[in-house]
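The residues making up each chain are set out below.
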Amino acid sequence: MSASAIFVLDLKGKVLICRNYKGDVDMAEIDHFMPLLMQHEEEGLVSPVISHGSVHFLWIKHSNLYLVATTNKNSNASLVYSFLYKIVEVFTEYFKELEEESIQDNFVVVYELLDELMDFGFPQTTDSKILQEYITQEGAKLEVAKSKVPTTVTNAVSWRSEGIKYKKNEVFIDVIESINVLVNANGSVMSSDIVGSIKLKTMLSGMPELRLGLNDRVLFALTGRDKGKTVVMEDVKFHQCVRLSRFESDRTISFIPPDGESELMSYRINTHVKPLIWIESVIEKFSHSRVEIMVKAKGQFKKQSVANNVEVRVPVPSDADSPKFKTSTGNAKYVPEKNLVVWTIKSFPGGKEFLMRAHFGLPSVENDEAEGKPPITVKFEIPYFTVSGIQVRYMKIIEKSGYQALPWVRYITQSGDYQLRTNV
């Protein structure tokens, strides 16, 4: 079972819009949600599910809104949360920003969308591209011919319309990997993993059948090939277009793609990752006078690769002032509202080392508040490179008209949750 009703509330708990799908929960129950949430926050017991008698509120917060689903059954909570996040995704596609103002300005469209997204408490059409074919933002115009529901809604392929035509048939494949690393103050890697995503931009006519081949270790073992580098993917999640039964039987990724941009799959690789940008820091505090910071950054990746838009964020005491900086490359600036020094390097070649020195004054009166030790964080992007070594071996495009299509592949590695702890 799923949700009985969906509510969108402002930060004070006032209902902006709601849709009752099943009528088995009193709509006035929502009045108990905000007082209960505030009570839980005061007690430090905030939970994603709040109950009042036999009614359960499953909620998420986005921008200045609360999205709340109510139910009095033992519903599938993960389905309800997936649906709430899907609402956020669809509304953002429609209105660019999802906040209180966009709900109030697009009241009619929001209500129409809530009507189509769910039916009698069960998710229905949740693909924004298909919804945009028959729920438009053109307001009061109504033409009888256009009010016909597109066949995609009732099709087996509900994510792609028929009759799509392009002069030039192409598909762009982006393999994007984010590295999560936590390094302790002694320089040891405490935890690391890679979260990957394969994104498509499809510009293909008709109803093409695509087959994607990766250097997947399980596939290579099944077919008896064991040449070259292979990867072991975990927590693989596919777009609904992928034929799961085919993947489970012979690891073939076979699908009819959505038109335009989509995420085909995501995966995780649980492996020991060597930090690509290594940071050494010396932070010296001279009480009542100054703090001196020295940060060395080293690119621990291939010399032919270049990291772009590197940002090294170094925490400083909240009472520091009068900043002075010296950098061997890039530029450093003080962001007082976040108590950070942000050192920006536009282009960072592999194998290179760079230095940044910062000097801050400290007030003569000691700050009594005990401050934590926030870590140094790093942001970067390295094109034409993947840490895991994942490769697109082939992309076959089959369409009954027999046209030739070009697949383009691009690899990008970027920082995810990338933290290095400090001693001070």
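Presented here is a report on the structure given in the accompanying data block. (Residues numbered from 1 in each chain as written. Predicted model: local features only at pLDDT ≥ 70, side-chain atom pairs only at ≥ 80, totals over all residues. Heavy atoms only, no water.)

**As for the overall build of the chain**
Within the chain, the regular secondary structure consists of seven helices and 23 strands. Seen through its principal axes, the chain has C-alpha atoms that stretch 75 × 60 × 40 Å. Within the chain, buried positions represent 45% of all 424 residues. Look at the contacts in the chain between residues 6 or more apart in sequence, and 70% of them connect residues 24 or more apart. As presented, the chain carries roughly 22,600 Å² of accessible surface, and 50% of it is formed by carbon and sulfur atoms. (Helix = DSSP H or I, 4+ residues; strand = E, 2+ residues; numbered from the N terminus. Buried < 20%, exposed > 50% of the residue type's maximum accessible area, 1.4 Å probe, protein only. Contact = heavy atoms within 4.5 Å. Areas by Shrake-Rupley, 256 points an atom, 1.4 Å probe, with all protein chains shown as cover.)

**Focus: the layout of surface pockets**
Estimates place the volume of the largest pocket at around 800 Å³. Around the largest pocket, the lining is made up of 23 residues, and of these Lys86, Glu89, His239, Gln240 and Glu263 lie nearest the centre. Contributing elements (two or more residues each) for the lining of the largest pocket: helix 2 (77–95), helix 5 (128–134), strand 11 (234–238) and strand 13 (260–269). Looking at the lining of the largest pocket element by element, the count peaks at seven residues for helix 2. In the lining of the largest pocket, the residues fall into eight nonpolar, seven polar and eight charged. (1 Å grid on protein atoms, 1.4 Å probe; cavity = no way out; pocket = protein on both sides within 12 Å on 5 of 7 lines; lining within 4 Å. Points joined across faces, edges and corners; volume = space filled by probe spheres on them. Nonpolar A, V, L, I, M, F, W, Y, C, P; charged D, E, K, R; others polar.)

**Description of the packing of aromatic side chains**
Summed over all chains, the structure comprises 12 aromatic pairs. Here the aromatic rings of Phe172 and Trp408 are separated by 6.5 Å at their centres, their planes lie at 15°, and the arrangement is stacked. A residue pair is termed long-range when its members are at least 10 positions apart, and Phe172 in strand 8 (residues 170–183) and Trp408 in strand 23 (residues 406–420) qualify at 236 residues. Take Phe172: its relative accessible area is 29%, and that puts it in the partly exposed class. For Trp408, a relative accessible area of 42% gives the class partly exposed. With a centroid separation of 6.0 Å and an interplanar angle of 80°, the aromatic rings of Phe325 and Phe360 are classed as edge-to-face. Taken together, the residues span a long stretch of sequence, with Phe325 in strand 17 (residues 321–327) and Phe360 in strand 20 (residues 353–361) at a distance of 35 residues. On the basis of relative accessible area, Phe325 is assigned to the partly exposed category, the value being 29%. For Phe360, a relative accessible area of 0% puts it in the buried group. (Phe/Tyr/Trp six-rings, centres within 6.5 Å; stacked < 30°, edge-to-face > 60°.)

**Looking at the side chain of Ser178**
Counting through the fold element by element, Ser178 comes out in strand 8. Engagement of the side chain of Ser178 in a polar contact is seen with the side chain of Gln414, the distance being 3.3 Å. If we ignore the near neighbours within four places in the chain, the residues touching Ser178 are Asp193, Ile194, Val195, Gln414 and Gly416. (Polar contact = N/O pair within 3.5 Å; in protein donor to acceptor, adjacent residues only side chain to side chain.)

**Regarding helix 1 (residues 33–42)**
Those residues of helix 1 not exposed but buried are Phe33, Met34, Leu36, Leu37 and His40. Axial view of helix 1: buried residues confined to an arc of 160°, hence all on one face. In this structure, the buried residues of helix 1 make contact with strand 1 (5–10), strand 3 (49–52), strand 4 (55–62) and strand 5 (65–71). Following helix 1 by one or two positions, Gly44 has its phi on the positive side, about 70°. (Arc of directions from axis to C-beta.)

**Focus: empty space enclosed by the protein**
Per the counting criterion, the structure on display carries one cavity of 30 Å³ or more. Along its surface, the largest cavity is lined by Leu212, Gly213, Leu214, Asp216, Leu219, Met233, Arg251 and Ile253. Top element by residues in the lining of the largest cavity is strand 10 (residues 209–214). It accounts for three residues. When the residues that make up the lining of the largest cavity are grouped by side-chain class, the tally is five nonpolar, one polar and two charged.

**Here we look at the environment of Ile293**
Mapping Ile293 onto the fold places it in strand 15 (residues 290–299). A relative accessible area of 3% places Ile293 in the buried class. With 54 residues separating them along the chain, Ile293 and His239 place their C-alpha atoms 47 Å apart. In this structure Ile293 touches Val282, Ile283, Val314, Val316, Met356, Arg357, Ala358 and Phe360, once residues within four positions along its chain are discounted.

**Considering the pairing of strand 10**
Most of strand 10 is tucked away, with five of its six residues classed as buried. Where strand 10 and strand 22 (residues 392–398) come together, six bridges link them in antiparallel fashion. In the sheet register, Leu210 faces strand 22, and the bridge partner there is Ile397. With three bridges joining them, strand 10 and strand 12 (residues 253–255) adopt antiparallel strand pairing. Considered in strand 12, the bridge of Leu210 is made with Phe255. (Pairing = 2+ DSSP bridges.)

**Description of the nonpolar core**
Grouped together as the largest cluster of nonpolar side chains are 70 residues, with contacts concentrated most on Ile253, Phe255 and Ile277. Sequence-distant contacts of Phe255, that is, excluding residues within four places in its chain, are made with Leu200, Pro208, Glu209, Leu210, Leu212, Cys241, Val242, Arg243, Leu264 and Met395. If you look at the next biggest cluster of nonpolar residues, it comprises 33 residues, including Ile6, Ala69, Leu131 and Tyr134. (Core = buried A, V, L, I, M, F, W, Y, C linked by side-chain atoms within 4.5 Å.)

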